[in-house]
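In case you want the letters, here they are:
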Amino acid sequence: MRMMVVFEKGAQLRFIGHLDLMRTMQRALRRTGLPIKYSNGFNPHIRLSFAVPLSVGVIGLRELMEVPVEDCVTADEFMQRMNAVLPDCLQIRCCKAVEDTFPALMSLVAGADYRITFVKTAEGKKAAQCFSGFMNLTEYVTNRRTKSGENPCDIRPFVLAGKCEEADDGYTIELHTAALKNGMLKPALWFDSLCEYAGCAEVPHLIYRTAILAKSQNGSLIPMEEL
Amino acid sequence: MCYDFDALLNSVEKPARYTGSEMNAQVKPFASADVTFAFCFPDTYEVAMSHLGMKILYGILNDLPYAVCERVCMPWVDMLSKMKEQNVPLCSLESRTPLKEFDIVGFTLQYEMSYTNILEMLHLGSIPVKAAQRSENDPIVVAGGPCAFNPEPLHQFIDAFMIGDGEDVIVELTDIIRDCRKNGISRRECLKKLASLRGVYVPSLYHDEYNEDGTLKSITPVEDNIPQRVLKCIVTDFENAYVPTHPPVPYVQVVFDRIMLEIMRGCTRGCRFCQAGMLYRPVRERSVDRLVEVARESVENTGYEEISLSSLSSSDYSCISQLAEKLSEELKDKRVSLSLPSLRVDKFVQDTLTHTQKVKKSSLTFAPEAGTQRLRDVINKNVTEEDLSNTLTNAFSNGWNAVKLYFMTGLPTETDEDLLGIAEMAKLAANAYYSVPKQQRVKGLRVTCSASVFVPKPFTPFQWCAQDRPEEVLRKQHMVKDAFRPLKSAAFHYHDSGVSQMEACFAVGDRRLSNVLYRAWELGCLLDGWTEQFHYDLWKQAFDDCGLSIDFYAHRVRDLDEVLPWDHIDAGISKSFLKREYEKALRAETTRDCREGCNGCGLQKLKGVCSGCE
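Keep in mind that what you see is a predicted model, and the values were worked out from it rather than measured. (Residues numbered from 1 in each chain as written. Chains lettered and ligands numbered in written order. Predicted model: local features only at pLDDT ≥ 70, side-chain atom pairs only at ≥ 80, totals over all residues.)

## Focus on the overall build of chain B
1) Next: The helix and strand inventory of chain B stands at 20 helices and 19 strands.
2) Next: Each principal axis of the C-alpha atoms in chain B carries an extent, and together these give about 75 × 65 × 55 Å.
3) Next: Each of the 614 residues in chain B was classed as buried or not, and the buried ones make up 49%.
4) Next: Relative to all contacts within chain B whose residues are 6 or more apart in sequence, the contacts with residues 24 or more apart total 77%. (Helix = DSSP H or I, 4+ residues; strand = E, 2+ residues; numbered from the N terminus. Buried ≥ 20, exposed ≤ 12 C-beta atoms within 10 Å, placed from the backbone. Contact = placed C-beta atoms within 7 Å.)

Below, the structure is given as structure tokens:
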């Protein structure tokens, strides 16, 4: 049996990298004393896996990981014991037990929802005003940094839908994005591109991943935990 | 709150070391605390979080219901320049409170080359760098740790030093400062009260005089009621002393990212170059039962996957085999691995661990320190070639194929023959490897020898000795390097002579060096312990600008009757013992391990402190 876990990685932890987060979760799991399944071999470890890594600097509101556990563990107990040992800025929001036959979370990832917030400086206003124009483009090619160097990449097709709202204290952009053959959208790259398009200098902002998406039976993208 | 702090994090290396919020970090209400303590580590987060002392004192202070203790580390250069550019003050990790808003700012002194960082951290924290310029509202700046045993080079910057084991005195000091602040008692009066505590040295209450030849004439209290000599603090009930079983667990990988189980404090071997071996006397052990209990608690509270034993010489712990056995019994179901000291890779430990533990086969390390038996006798390092050969043969037949050997160059009485002996030791290790039948050993032997440069340290029998001049250090290093050339599977590394020279100056320096330190900091010296940040030319200029001679401090043999800058500090060991040991060293005579019988180091005068000498 595996536990499918939805957790929040708060603002204070947005700079913690993927491997560091993995180690933190393993240490937390060890502290709970729950019957976790370890790998076999010389160096037994918890075979914890995340649905998709979160970029450093991005806050995760509904992140997903799975942990192999013994059958006797209940979802409630798992969440309670984990939250007791995890810091406030890293808490489990919900979890459910799935059978071993359930596909690996990683294989289900079909997209992600992002939220970008920024303040109403002159530069920020300029970026917000150009949002519609930017969304109306049919392509936007920019350089994407990958392991093999900088490659040109059209970032427009990743974005299925988006909106920009104005509130008293700033702007909020919501993006509904899909995973494509060449991977997933880097939201920071998208925002930099918007700023570049708008011709504005650096705009201080925060990026949240609000959901990791999977394909539902009717083909639409829904939060993976709702499958 | 530090407003603009977050904005800086997007553009610096490893931002996660500035954000805190770790498991077990103590975030207590700051505003309602009676007294607040900023525990400052004058190096980066990765080094700070590897330090056991900080975990102990952080735990002790935060266990006081009326106190708050938060951590502050030295930012890396990229962060430093951003902070200066944007005028962002240095803040604590927990509540992001600027340094100057704390009642007490405390530094731990682990290494002389971190001294400039102290000045920088004070400055970044908007606290006047010089103690004399601090006002009534500024924090009291204190310091402790091994380097506090010669506090003089820092006397201009630190209000009060704590000498010796910090567990008890840090609470006494915090309480006095709390009371003084509450009752509006002046800074000067508060410092006088602190000076009355055992183990507390307030440099502004002492006055220094010099002879015509530049040597120290005296350091004396400026008022009555101030002690002539400051006696170090000693934790006598080590068994029940505080153990940090719920320390903050860092997210990012730090230097020592594991549970460090302090099995004993002090060392009985009496190596004559070793300052820790002298300062941490007497030797005190914790019982196996207590250690198993705190190990269990630590694993439960941290989730760490590894425990290592911490002490100056873990293989000397009297029940090491029993401890290894009981700990592995306790840990095997929890899948926590145990690292054992290299010297004990013997048959017994092997058998205990084979089925239960992952024994790291990469970390076999020995410190013969010198290349010949004669020189090892001089420094009283009682390791023989036979010991080493046997231990290594044993290890090589049990699956190890890499060994690290540590040496020092420039030890008193050293000759070229002693230096060439370092290469002989590497050959000895190789021979031990090849003596194991081919099918029993693991392929690919690696022998790595590293040599540091001897630095004379206060309260050691070698405190009167001179360090080799840089050109001599280089000649010796190159000679050894050449001797390694024909050795196929062995490598030789050595330390920078410039850093070691500065280390020597500040280790044995007097009050006048605080001007050099200040000047070096003004010139931009920072993070000098990091090779790429060390600028020898700037340090040299700082000495020149202050009209002081590096030679006088680092390369001069001191007269046995000379007044030393730390003579007013009482480390428990007597000067006559150190002199005796120095003279024996020059005759290459060894001194027995003091567990085999008291050598009269001076601790016997403190009643009930050392069990060995009663």
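Next comes the rest of the write-up.
## Observations concerning helix H9 (residues 288-302) of chain B
1) Next: Taking 1.5 Å per residue as the helical rise, H9(B) with its 15 residues ought to reach 21 Å, and the 21 Å between its terminal C-alpha atoms agrees with that figure.
2) Next: Turning to H9(B), its buried residues are B:Leu291, B:Ala295, B:Ser298, B:Val299 and B:Thr302. All buried residues of H9(B) fall inside an arc of 95° around its axis, so they share one side.
3) Next: Tucked inside the fold, the buried residues of H9(B) contact helix H1 (18-32) of chain A together with strand S10 (259-262), strand S13 (306-310) and helix H10 (320-331) of chain B.
4) Next: Within two residues after H9(B), B:Gly303 carries a phi angle of roughly 75°, on the positive side. (Expected span 1.5 Å × (residues − 1). Arc of directions from axis to C-beta.)

## A word on the sheet that holds S13(B)
All names here are of chain B.
1) Next: As summarised here, the arrangement of the three strands in space is S10-S13-S14, forming an open sheet in which the pairing is parallel. The open sheet has two edge strands with one neighbour each: S10 and strand S14 (337-339). Averaged over all pairs of adjacent strands, the angle between strand axes in this sheet comes to 30°, irrespective of strand direction.
2) Next: Pairing analysis gives three bridges linking S13 to S14, with the strands arranged parallel. The residue bridging glutamate 306 from the neighbouring strand is serine 337, located in S14.
3) Next: Along the sheet, H9 makes contact with S10 and S13, crossing S10 at roughly 160°. (Pairing = 2+ DSSP bridges. Axes fitted to C-alpha atoms, helices over the stretch in contact; angles between N-to-C directions.)

## Side note on the pairing of strand S5 (residues 109-118) of chain A
Residues and elements named next belong to chain A.
1) Next: Across nine bridges, S5 lies against strand S10 (residues 205-215) in antiparallel orientation. Paired with arginine 115 across the two strands is tyrosine 208, which belongs to S10.
2) Next: Bridge count for S5 against strand S9 (residues 170-178) is eight bridges, and the pairing is antiparallel. Counted as the bridge partner of alanine 112 is threonine 177 from S9.

## Structural notes on the interface of chain B and chain A
1) Next: Counting residues at the interface gives 18 residues for chain B, matched by 18 residues for chain A.
2) Next: For the side of chain B that touches chain A, a count of residues per class yields nine nonpolar, five polar and four charged. (Nonpolar A, V, L, I, M, F, W, Y, C, P; charged D, E, K, R; others polar.)

## Considerations on the environment of A:Glu225
All names here are of chain A.
1) Next: Here glutamate 225 lies in the segment after strand S11 (221-223).
2) Next: A tally of 19 C-beta atoms within 10 Å means that glutamate 225 is categorised as partly exposed.
3) Next: Sequence separation between glutamate 225 and aspartate 113 is 112 residues; the distance between their C-alpha atoms is 14 Å.

## Remarks on unusual backbone geometry
Residue and element names in this part refer to chain B.
1) Next: The peptide bond linking arginine 281 to proline 282 adopts the cis configuration, its omega dihedral lying at -5°.
2) Next: Examined against the element boundaries, proline 282 turns out to sit in the loop between helix H8 (275-279) and strand S12 (284-285).
3) Next: Phi angles above zero are rare outside glycine, and lysine 14 is one such case at about 40°.
4) Next: With respect to the helices and strands, lysine 14 occurs in the loop between helix H1 (5-9) and strand S1 (35-41).
5) Next: A positive phi angle, near 60°, is found at serine 21, a position not held by glycine.

## Brief notes about the packing of H1(A) against helix H2 (residues 75-85) of chain A
Residues and elements named next belong to chain A.
1) Next: Across the interface, H1 lies against H2 with an axial gap of 9 Å and an inter-helix angle of 110°. Judged by the angle between their axes, H1 and H2 are roughly perpendicular. With respect to the hand of their crossing, H1 and H2 are arranged in right-handed fashion. Only Arg81, Met82 and Val85 of H2 make contact with H1, whose side of the interface consists of Ala28, Arg31 and Thr32.
2) Next: Residue composition of the contact of H1 with H2, grouped by class: three nonpolar, one polar and two charged. (Parallel < 35°, antiparallel > 145°, perpendicular 65-115°, else oblique. Left-handed = near helix turned anticlockwise from the far one by under 90°.)

## Looking at the sheet that holds strand S16 (residues 402-409) of chain B
Sheet strands pair by backbone hydrogen bonding; their relative direction is either parallel or antiparallel.
Residues and elements named next belong to chain B.
1) Next: Spatially, four strands are ordered S15-S16-S17-S18 in an open sheet, and the strand pairing comes out parallel. Both edges of this open sheet fall to strand S15 (365-369) and strand S18 (490-494), since each of them pairs with a single strand only. Taking the axes of each pair of neighbouring strands and ignoring which way they run, one obtains an average angle of 20° across the sheet.

## A look at the domain arrangement of chain A
Residues and elements named next belong to chain A.
1) Next: Taken domain by domain, chain A consists of domain 1 (2-102) and domain 2 (109-226).
2) Next: The centre of domain 1, based on its C-alpha atoms, is set 27 Å off from the matching centre of domain 2.
3) Next: Taken together, the 14 residues of domain 1 in the interface contact 15 residues of domain 2.
4) Next: Residue assignment for the side of domain 1 that touches domain 2 shows that the elements contributing at least two residues are strand S1 (2-9) and strand S3 (58-68).
5) Next: No other element matches S3, which puts six residues into the side of domain 1 that touches domain 2.
6) Next: Tallied by class, the residues present in the side of domain 1 that touches domain 2 amount to ten nonpolar, three polar and one charged. (Domains from an automatic or database assignment.)

## Here's the deal with helix H16 (residues 497-508) of chain B
Residues and elements named next belong to chain B.
1) Next: Between the first and last C-alpha of H16 there are 17 Å, a value that for twelve residues agrees with the 16 Å anticipated at 1.5 Å per step.
2) Next: Most of H16 sits inside the fold, with eleven of its twelve residues counted as buried.
3) Next: Of the surrounding secondary structure, the elements contacted by the buried residues of H16 are helix H5 (115-124), strand S17 (446-453), helix H15 (470-484), helix H17 (513-522), helix H18 (536-545) and helix H19 (550-554).

## Thoughts on the environment of B:Pro247
All names here are of chain B.
1) Next: Summarising the element assignment, proline 247 is placed in the loop between strand S9 (230-231) and S10.
2) Next: Sequence-wise, proline 247 and valine 447 are 200 residues apart; in three dimensions their C-alpha atoms are separated by 36 Å.
3) Next: Residue contacts for proline 247: discarding those within four places in its chain leaves Asn24, Lys55, Gly59 and Thr302.

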